[in-house]
Structures are given as structure tokens and as C-alpha cells.
Amino acid sequence: MRPQHTGPIAGPIKQARGWQVFPSPDDPLAIYCLKITCLSLLAASALQGLAIALFQALNVKVASGPEQLFRPMDWAGTVLLAPLAESVLLWAAASLARSTGRVWATSLVIGVVAGAAHASLHPMWFFGPAASFTIFAWAWQRWRNADRPRHFLVLLIPHVLQNAIVMGLQFFAARF
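We now examine the packing of aromatic side chains. On inspection of all chains with the given rule, the structure shows 7 aromatic pairs. Ring centres 5.3 Å apart and planes at 20° place the aromatic pair Trp-104 and Trp-138 in the stacked group. In this pair, Trp-104 is assigned in helix H3 (residues 103–119) and Trp-138 in helix H4 (residues 127–145), connecting sequence segments 34 residues apart. The class for Trp-104 is partly exposed, based on a relative accessible area of 38%. Aromatic pair Phe-126 and Phe-127: ring centres 5.2 Å apart, planes at 90°, arrangement edge-to-face. Owing to a relative accessible area of 23%, Phe-126 belongs among the partly exposed residues under this scheme.

The following block contains the structure:
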């Protein structure tokens, strides 16, 4: 029987039909990556939605993002090349910060820096990436602290999946 993960966030989350809902470093790599992708999408969507709601409540005009182009090179850049480059930078930052032993604090700093970098392209792009990169850094540090191999894939796979899902949603939203 697998030990139940406890902590300030995962403590109240129990197993659903014998499957641990919250990501655990004991999960196989593919399952861990899928759980991290779902958690990241949920966090990014929630933070982005809260930011938009707050701006609207304050009567601040929320500028729409730049027009998304859906050429094959745009997909390749957004779904493959950007996650690869950003994951390398995230890996380097998380590796340097790992020595502090403060997983959440370092993850949050990495998330804010990544959000700021995305906001330099478009201001509203701060919130989703800040949440996502916080989750990505946290997931990598937990996987790494458990001495699990293939550390880089824990950063890359959820990032690629998330960008593919977002691009797919934007593609379909533009058509309806």
C-alpha cells in the first residue's frame, strides 16, 4: 500500500477509487506529468480568471492579447521550442535554488520571474505563466528531492502539454 501524501495542500485530498489524486513523486513519470499538467492548468486558469475579474470590477480595460497565428511554425514555436528553452532556464534556476531547501518559496520566486518575462510580451500574460511556472518548479523539486531519474522531463512534458492545450483552445475559440 502506498503512503498517503500529507501537507498543507495535499493533506485534505484523499484517494479517489484507489488512485491518489494529488501528484506524488512516487507516481510513474507519465502519471506525474499528467497530474502536474492538470494542476498547472487549473492554477493558471484560476489566477488568470481572478485577475480578469478584478480588473473588470475596477473598470480597468483588459487588453486582449496579440492575435494568435496558427501557422505550423507558430505551433512548433509555442508547443515545442518555447517549452524546451523555458524548461532549460527553469531547470537551471530551480537547480540553483534547490540548495535553499525552501521548495515553495523558490518555486514562487521562479514563477513570478517567469510571469514577468511573459508579461514583457503582453501584460496579461503575467498571471497564467506565473502560476504555471510556480507549479512546474515545485513539481520538479519534489521529483528531484525523491531522487527520481529523468528530472528534465518533469519540466518539459507538462509545459508542452499545457501549451498544446492552450493553443488548441485558442484555435477552436477563434473559429466559433
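Another point: the environment of Phe-70. Along the chain, the position of Phe-70 falls in the loop between helix H1 (29–57) and helix H2 (72–97). Taking C-alpha positions, Phe-70 is 8.4 Å from Met-167, a pair spaced 97 residues apart along the chain.

For the rest of this paragraph, the subject is the packing of H1 against H4. One can describe the packing of H1 onto H4 by two numbers: an axis separation of 7 Å at closest approach and a directional angle of 150°. In terms of their interaxial angle, H1 and H4 are classed as roughly antiparallel. Here the hand of the crossing between H1 and H4 comes out right-handed. The residues of H4 that touch H1, namely those facing Leu-29, Tyr-32, Ile-36, Leu-39, Ser-40, Ala-43, Ala-44, Leu-47, Gln-48, Ala-51 and Phe-55, are Phe-127, Gly-128, Ala-131, Ser-132, Ile-135, Phe-136, Trp-138, Ala-139, Arg-142 and Trp-143.

What counts, and at which threshold
Residues numbered from 1 in each chain as written. Predicted model: local features only at pLDDT ≥ 70, side-chain atom pairs only at ≥ 80, totals over all residues. Heavy atoms only, no water. Phe/Tyr/Trp six-rings, centres within 6.5 Å; stacked < 30°, edge-to-face > 60°. Helix = DSSP H or I, 4+ residues; strand = E, 2+ residues; numbered from the N terminus. Buried < 20%, exposed > 50% of the residue type's maximum accessible area, 1.4 Å probe, protein only. Axes fitted to C-alpha atoms, helices over the stretch in contact; angles between N-to-C directions. Parallel < 35°, antiparallel > 145°, perpendicular 65-115°, else oblique. Left-handed = near helix turned anticlockwise from the far one by under 90°. Contact = heavy atoms within 4.5 Å.

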